[in-house]
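The residues making up each chain are set out below.
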Amino acid sequence: KASFGRLWSLSGGCPVGQSSSPKNAGRSGALRAPPRSPPMSALGPDSCALGPHATGKQDAQHLCNASFASATIYYPTESGLKSLPSVVIVGGWGCGEQAMAAWAPFYASHGIVAMTIGTPSPFTDSPAVRSKALLDASLALQGEHERADSVLRGRLDISRRAVQGYSLGGGGAQLAALADPTLKCVIALAPDGGYMFPSKHSLSFPSPPPTAVPVLILCGDNDEEAPPKKFGWPHYRQTGAAKLIFEVEGGDHYTPLGPAGGTKHQAEAGSMSMELWCVNCSTICACWMCQCPLALWCTPCPCATLNGPTGHAADRAPRGAIGGVALAWLRLFLLDDETARSQLVLRPDIASGFECSGIEAPLAMDRS
């Protein structure tokens, strides 16, 4: 009797490090895992529902410093829940803090403390600046575990921390993964490496890349602002740690803004007032009259500020797998929930691209 042991994912028998796309499933000579009963199903429309925990919300302005200008904490209110992990979330170019507000209560309802932050200059802050904001805010949040009047006093596990960022903030989140190996994981939404910034302020990967912090990338195949072929996929390939990329079919730059899938219309619902629009237009005009070459760089864009939450959690949503995959990522690496592995290796129905490495569920195969 010959015994054969090999690692296989539950996504159709793909060897570790290969894509779970159909093109790999039919390769000549590839062994397939035997059928499982009951069969596993990919995360779908119902995977972005709110969790079982009631949540609360608290302004965290007292935590702010030069790195981040505003902050709001979302947390499970049940006092019996202890050793809570945490994730800090930042937006991208022109984003106010509330642009990321759909994610935070979703995570909190599943037992993960989430804090959204706003950076001081959202129109000019580079990925490096957003990375520092994420790391500073994450450490500041842990202080709530000891603060006498905190709703989180004695409830945080200060060793279980993650960060999440959108667009330029997604580039910042990946920089945070490279800078702080104590992070448990990172989520980058429609990441932009910030290559319009000087090299020391943009995302670049050392060689060889660190392997400590797992990275999830969520993006849309119709994203014109941060095209996945230019950013998401190259970032994925240069990541040395456990990693997963989920590209949403028909998704644009605004799709990853919420667990149910965001929209540009809702994101722009929190745009700046007409008064501020006029002030910014006047400032830009004045700078141009003075022939200042940095007129559009130093002055906030007058068109819009993305500060409207979008894509809130729902019991069923066509793009609910966005929230389902993100939550499963945090469940695995923040909550040590190994059952999430079998969900993460399955390609969602709404994926136009999907690949993972380092998170496959092992299955020993013995044959006579």
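Look above for the structure.
Basis of the calculations
- As a convention, each chain's residues are numbered from 1 in the sequence order in which they are written.
- It should be noted that, the model being predicted, local features are given only for residues of pLDDT at least 70 and side-chain atom pairs only at 80 or more, the latter also being counted only at that level, while totals for whole chains, interfaces and linings use all residues.
- Excluding hydrogens and water, the side-chain figures rest on all heavy atoms present in the structure.
- Comment: elements are numbered from the N terminus, with helices defined as DSSP H or I runs of at least four residues and strands as E runs of at least two.
- Residue contacts follow a heavy-atom distance rule, with two residues in contact if any of their heavy atoms lie within 4.5 Å.
- Partly exposed describes any residue whose relative accessible area lies between the buried limit of under 20% and the exposed limit of over 50%, with all areas from a 1.4 Å probe on protein chains only and scaled to the type maximum.
- If DSSP finds at least two bridges between two strands, the strands pair.
- An axis is simply a line fitted to the C-alpha atoms; with a helix, the fit covers only the stretch in contact. Between two such axes, the angle follows the N-to-C directions and lies from 0 to 180 degrees.
- Classification of ring pairs rests on two measures: the distance between centres of Phe, Tyr or Trp rings, Trp counted by its six-membered ring, which must be within 6.5 Å, and the angle between planes, read as stacked under 30 degrees, edge-to-face over 60 and tilted in between.
- A ring is considered to have a charge above it if a Lys NZ or an Arg CZ atom is located within 6 Å of its centre and within 35 degrees of its normal.
- One side-chain nitrogen of Lys or Arg within 4 Å of one carboxyl oxygen of Asp or Glu is enough to make a salt bridge.

Trainee: Hey, could you run me through the overall build of the protein in this one?
Mentor: A count of helical and extended segments in the protein gives 10 helices and 9 strands. Relative to all contacts within the protein whose residues are 6 or more apart in sequence, the contacts with residues 24 or more apart total 75%.

Trainee: Whenever I open this one, the pairing of strand β4 (residues 113-118) confuses me. Can you help?
Mentor: Look at any regular strand and the pattern is simple: side chains alternate between the two faces of the sheet. Along β4, 6 of the 6 residues are buried, which leaves the element largely enclosed by surrounding structure. A two-sided burial pattern is seen for β4, the buried positions comprising V113, M115 and I117 on one face and A114, T116 and G118 on the other. One ladder, built from 5 bridges, connects strand β2 (residues 70-76) with β4; its direction is antiparallel. Following the sheet pairing, Y74 is matched in β4 by A114. Inspection of the sheet shows strand β3 (residues 84-90) paired to β4 by 5 bridges, in the parallel sense. Pairing of S86 across the sheet is with V113, part of β4.

Trainee: Looking at this structure, how should I read the sheet that holds strand β8 (residues 243-248)?
Mentor: Either a parallel or an antiparallel arrangement is found when strands of a sheet pair, and the pairing is made through backbone hydrogen bonds. Overall, mixed pairing links the 9 strands, which are arranged β1-β2-β4-β3-β5-β6-β7-β8-β9 in an open sheet. On the outer flanks of this sheet lie β1 (55-59) and β9 (351-357), each paired with one strand and no other. In this sheet, neighbouring strand axes are inclined to one another by 15 degrees on average, regardless of whether the strands run parallel or antiparallel. With respect to the sheet, helix α3 (residues 127-142) is in contact with β2, β3, β4 and β5 (156-166), its orientation differing from that of β5 by roughly 150 degrees.

Trainee: Even after reading the chapter, I still don't get the pairing of β9, so can you show me in this structure?
Mentor: Counting buried positions along β9 yields 6 of 7 residues, so the element is predominantly enclosed. Two elements, β8 and β9, share 6 bridges in a ladder whose sense is antiparallel. Bridge pairing links I245 to E355 in β9.

Trainee: For this particular structure, what's the right way to read the packing of aromatic side chains?
Mentor: Centre-to-centre distance and the angle between the planes together describe a pair of aromatic rings. Across all of its chains, the model carries 8 aromatic pairs by this definition. Consider the rings of F106 and Y107, whose centres lie 5.7 Å apart with planes at 40 degrees: the pair is tilted. Aromatic rings pair up to connect W103, F106 and Y107 into one cluster. Over the aromatic face of Y236 sits the side chain of K243, whose NZ or CZ is 4.5 Å from the ring centroid.

Trainee: Please clarify how the pattern of salt bridges should be interpreted in this entry.
Mentor: One side chain can pair with another of opposite charge once the charged atoms of both are near each other. The full count for this structure, using the stated rule, is 6 salt bridges. Of the charged contacts, one joins R147 and E144 as a salt bridge, the two residues approaching to 2.8 Å between their closest N and O atoms. Residue classification places E144 among the buried positions, given a relative accessible area of 1%. With its nearest N and O atoms 3.0 Å apart, the salt bridge here joins R161 to D180. Taken together, the residues span a long stretch of sequence, with R161 in strand β5 and D180 in the loop between α4 (168-179) and β6 (185-189) at a distance of 19 residues.

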